[in-house]
Amino acid sequence: MSAHPIPPGRIVLVSLIVLFALMPRPSGAIQLRWSSGASDLSFTEARRCTLLVEAEPGGALPADWRLLWVSASDSGPPPPLVFQAESGAGGDPAAACEMVEPADPAAVASRAVSARFCSAMPGAATSARLILEAPAGAKARLQVVTFVSAGTDSMEGTTLRSSGITLNGGCAEAYPPVIFRAASTHRLGQLDVRLVGANLDGVSAVPISAPDSSWSYPLTLVSKSNERITAQAVLAAPLPEIVVGAADGSGGLGAASVPADSFPPLSPQSCFSTFSGAQDTSGMQPKDFEFVNAGDSWHIFYTRQYQTTNYTDRTNTRRIGHAVSTDQHLSSWTVVDRNAIQVRDGRIWDNLHVWAPTIVRKPGDITYFMFYTGVQLDTLTPPPNLKTSEIQRIGIATSVDLNTWTQDAVAVYFNKKASWTFQDSSRNVVPIGGGQFYSDAWQFRDPFVMPDPENAGKWLMYFVTIDSTLNKYVVGVARTAGTDLRAWQDVWPLRRTSAAFMNADRDESPHVLFRNGNWWLLYTSNHYWGDQITYSLNATSPTDSSTWSRPDSLKAITCGEHDFPTSLNQWHATEYVRDVVGHEYLAAFADNLFGGGVIQFTQIQPPDGTCPTDSIRLDCPDVWTGVEQGFGTGAAAPVVLMLAGPCPARGAAPLRLALHSGGRVHVAIYDLFGRRLRTLADGWLPAGMTTLAWDGRGDQGAVASSGIYFARATGPGGRSVVRIPLLR
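Residues numbered from 1 in each chain as written. Predicted model: local features only at pLDDT ≥ 70, side-chain atom pairs only at ≥ 80, totals over all residues. Heavy atoms only, no water.

1. Focus on unusual backbone geometry
- Here the residue pair Pro383 and Pro384 is connected by a cis peptide bond, since its omega of 10° sits within 30 degrees of zero.
- If you trace the backbone, Pro384 turns up in the loop between strand 26 (368–381) and strand 27 (386–399).
- Look at Asp446: it is not a glycine, yet its phi comes out positive at around 60°.
- By the secondary structure assignment, Asp446 is in strand 31 (residues 444–451).
- In the Ramachandran plot, Ala573 falls in the positive-phi region, its phi being about 50° despite a non-glycine side chain. (Helix = DSSP H or I, 4+ residues; strand = E, 2+ residues; numbered from the N terminus.)

2. What to know about the packing of aromatic side chains
- By the definition in use, this model includes 13 aromatic pairs.
- Ring geometry for Phe147 and Phe180: centres 6.2 Å apart, planes at 25°, overall stacked. You can see Phe147 sitting in strand 10 (residues 139–149) and its partner Phe180 sitting in strand 13 (residues 178–187), a full 33 residues away along the chain. When sorted by exposure, Phe147 lands in the same class as Phe180, which is buried.
- Among the aromatic residues, ring-to-ring pairing joins Tyr413, Trp420, Phe444 and Phe463 into one connected group.
- One Lys or Arg, Arg515, reaches over the ring of Trp520 and ends 5.5 Å from the middle of that ring. (Phe/Tyr/Trp six-rings, centres within 6.5 Å; stacked < 30°, edge-to-face > 60°. Buried < 20%, exposed > 50% of the residue type's maximum accessible area, 1.4 Å probe, protein only. Lys NZ or Arg CZ within 6 Å of the ring centre and 35° of its normal.)

3. Topic: the side chain of Asn538
- Within the fold, Asn538 resides in strand 37 (residues 530–538).
- Only 2.8 Å separates the side chain of Asn538 from the backbone oxygen of Ser541, close enough to count as a polar contact.
- When residues no more than four places from it in sequence are discounted, the contact partners of Asn538 are Asn518, Trp519, Asp544, Thr547 and Trp548. (Polar contact = N/O pair within 3.5 Å; in protein donor to acceptor, adjacent residues only side chain to side chain. Contact = heavy atoms within 4.5 Å.)

4. Describing the sheet that holds strand 22 (residues 298–306)
- In space, the four strands of this open sheet follow the order 21-22-23-24, with antiparallel pairing throughout. Both edges of this open sheet fall to strand 21 (284–293) and strand 24 (334–342), since each of them pairs with a single strand only. Strand-to-strand twist in this sheet, taken as the mean axis angle between neighbours without regard to direction, amounts to 30°.
- Bridge count for strand 22 against strand 23 (residues 319–325) is six bridges, and the pairing is antiparallel. Bridge pairing links Trp298 to Ser325 in strand 23. (Pairing = 2+ DSSP bridges. Axes fitted to C-alpha atoms, helices over the stretch in contact; angles between N-to-C directions.)

5. Here we look at the sheet that holds strand 33 (residues 472–480)
- Taken in spatial order, the four strands make up an open sheet running 31-32-33-34, and their pairing is antiparallel. On the outer flanks of this sheet lie strand 31 and strand 34 (488–494), each paired with one strand and no other. For this sheet the average axis-to-axis angle between neighbouring strands, irrespective of direction, equals 25°.
- The pairing of strand 33 with strand 34 spans six bridges and is antiparallel. When the bridges of strand 34 are listed, Val475 appears paired with Leu494.

6. Side note on the pattern of salt bridges
- Under the counting rule described, the total for this entry stands at 18 salt bridges.
- Here Glu390 ties to Arg314 by a salt bridge, and the two come within 3.0 Å at their closest N and O atoms. Pair noted here: Glu390 is in strand 27 and Arg314 is in the loop between strand 22 and strand 23, with a separation of 76 residues, a long-range link.
- On the basis of relative accessible area, Glu390 is assigned to the buried category, the value being 10%.
- Residues Asp467 and Arg495 are paired through a salt bridge, measuring 2.6 Å at the closest nitrogen-oxygen approach. Note that Asp467 is positioned in strand 32 (residues 459–467) and Arg495 in the loop between strand 34 and strand 35 (506–515), a separation of 28 residues in sequence.
- Members of the salt-bridge network, linked through shared partners, are Arg445, Asp505, Arg506 and Glu508. (Salt bridge = Lys/Arg side-chain N within 4 Å of Asp/Glu carboxyl O.)

7. Observations regarding the pairing of strand 45 (residues 653–659)
- The element strand 45 is extensively covered by neighbouring structure, given that five of its seven residues are classed as buried.
- Note: strand 43 (residues 639–643) against strand 45, five bridges, orientation antiparallel. Its bridge partner lying in strand 45, Val640 is registered against Ala658.
- For strand 45 and strand 48 (residues 688–694), the ladder comprises seven bridges, and the chain directions are antiparallel. Across the sheet, residue Pro654 finds its bridge partner in strand 48, namely Ala693.

8. Quick notes on the pairing of strand 23
- Within strand 23, six of the seven residues are buried, leaving the element largely enclosed by the surrounding structure.
- In terms of strand pairing, strand 23 meets strand 24 through five bridges, oriented antiparallel. The residue of strand 24 that forms the bridge with Val324 is Thr334.

Structure (structure tokens):
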């Protein structure tokens, strides 16, 4: 953050910060005078003047005191006053022997100069001396202010002022604002800042900025007095060290630094349910999504997909919803916005569909960038010979609070910027009512963005499109030209990801992660029997197209998931999350009969003795992210029942029951007609997690056939139902 420019003729407002290290007892008063003892100096020629700052008798100068001055002139801009270091300490115990130029953004912002003191005797300083070079015609007034704190780092205390002194009768201009101390609290996106200082009643703006001035953001003033200010903002990102400013209308600016946020890690601890469409709208299912850690809360942004018959393809996937969990265990979710991102009217790049969000934030910055696919319905030929095209492009929306998003007017990346992509606008003609459209004309979607590990400051984007050489879907790579997230350059296609390798008709939803010494590329391959999560490995580079391994199905290396059918066959568009303590999570949405339109979360665990050491094991995570029923409740459900094993269950179904409080509980299995088949629990159970198991039999021992069954738990304060697909 830099100081405001001061045009000619404006008052110059400068604060001189004078620091002294230790004091045995803070002074109850502080005095400022000229060395002659006068309170005013009058002169017509340039003059060297000596200032004396003194504590009251028996006291000591405080550790932080500041000399403020304002100047004026009868004609032209105010002349500068130049403070110089004294050549020697003389007899003063705290003479200013060296002037130090500003060394940090806070000092620069307040136009401050520090003074280093040289003491002629050990112990606390009781006085200090400064030399002022005053130009001819200068009119000025000066004052010392200090803050006597009630305790170390306390925001409570008293602001003390000396009497004022003048040059040539002084001037009437106001002293600049000074900040002695600043503190902040930042919880669930709400930032509150408190300032203690002097001359704050004239402050009109309280900006915050990065220490390197790479960004700034205005706070909202809540209250102010001469010595105190409170201000606030809604900012979702965990804040680094920031500089808080206090600016008045005359160009004066005080500033102070505030330490970075410190949040306890969102460490996983329990196993709960999944994010399902029941939290949002009946008949809706979440599809491709992004998972964001905001320090003390988790956020899911998800494409909203309707499956009811009154929604056609062209009236579907038109919004991206937003759900938040503030539970450290991630046991409950609240949908805060069903329309965080939505299609826009007009001939714009996202007027038909919005898909596949991915969200990044530059290190130390407060702005979130959401990359997403926008689909434009473009009319090529008007009726009666209607011809349209559905053009896919990748664009950006930005937010600082994760609630209000601003969608860019133009897309940032599309097939015209990658010469190897298929660009035939007449690809795949499909009839529509009264005309036709081109469904594969412009396939370019599903961005995943991450920092470029091989080029500091740059970023990589992975996406899917059709390769014009192979005539197949592949994963493509782009890189920013610099740090600008809106300036992308083509790298190349990763042709080894061609859908032909997996006998699939398309690739979707790529993302890249680094674990166990390898780069992993995960993406979804569509097959006639359903989707497969596909992986490829690279030990050297995330962008080298020649060194990726031949792709294979993720279930081929997943403990217990090698056979068909498997719950992994229901997964689409995986997302990977690694928390600050090293736990790894894999999430995906499932949209068939057994998945039911949910986002499912699992944890990547080390392999155990049942599977090879080079495989992975997906198990109930240390936290199982879930959304409880009931819009906007934000509280954990009192009773949560979940299927804890493979889906569909193969012969037996392990269950987990979570109770908010202990009490009498009834758990039973029912068929599709509501007939009770088996009672699993009927009695008192303690609060917490209880493991139950259905062996696939009725109360009389009869083996249940393949089909859909339901487990219902009724307990203190509520009930929970889970569907159990059973295969024999």
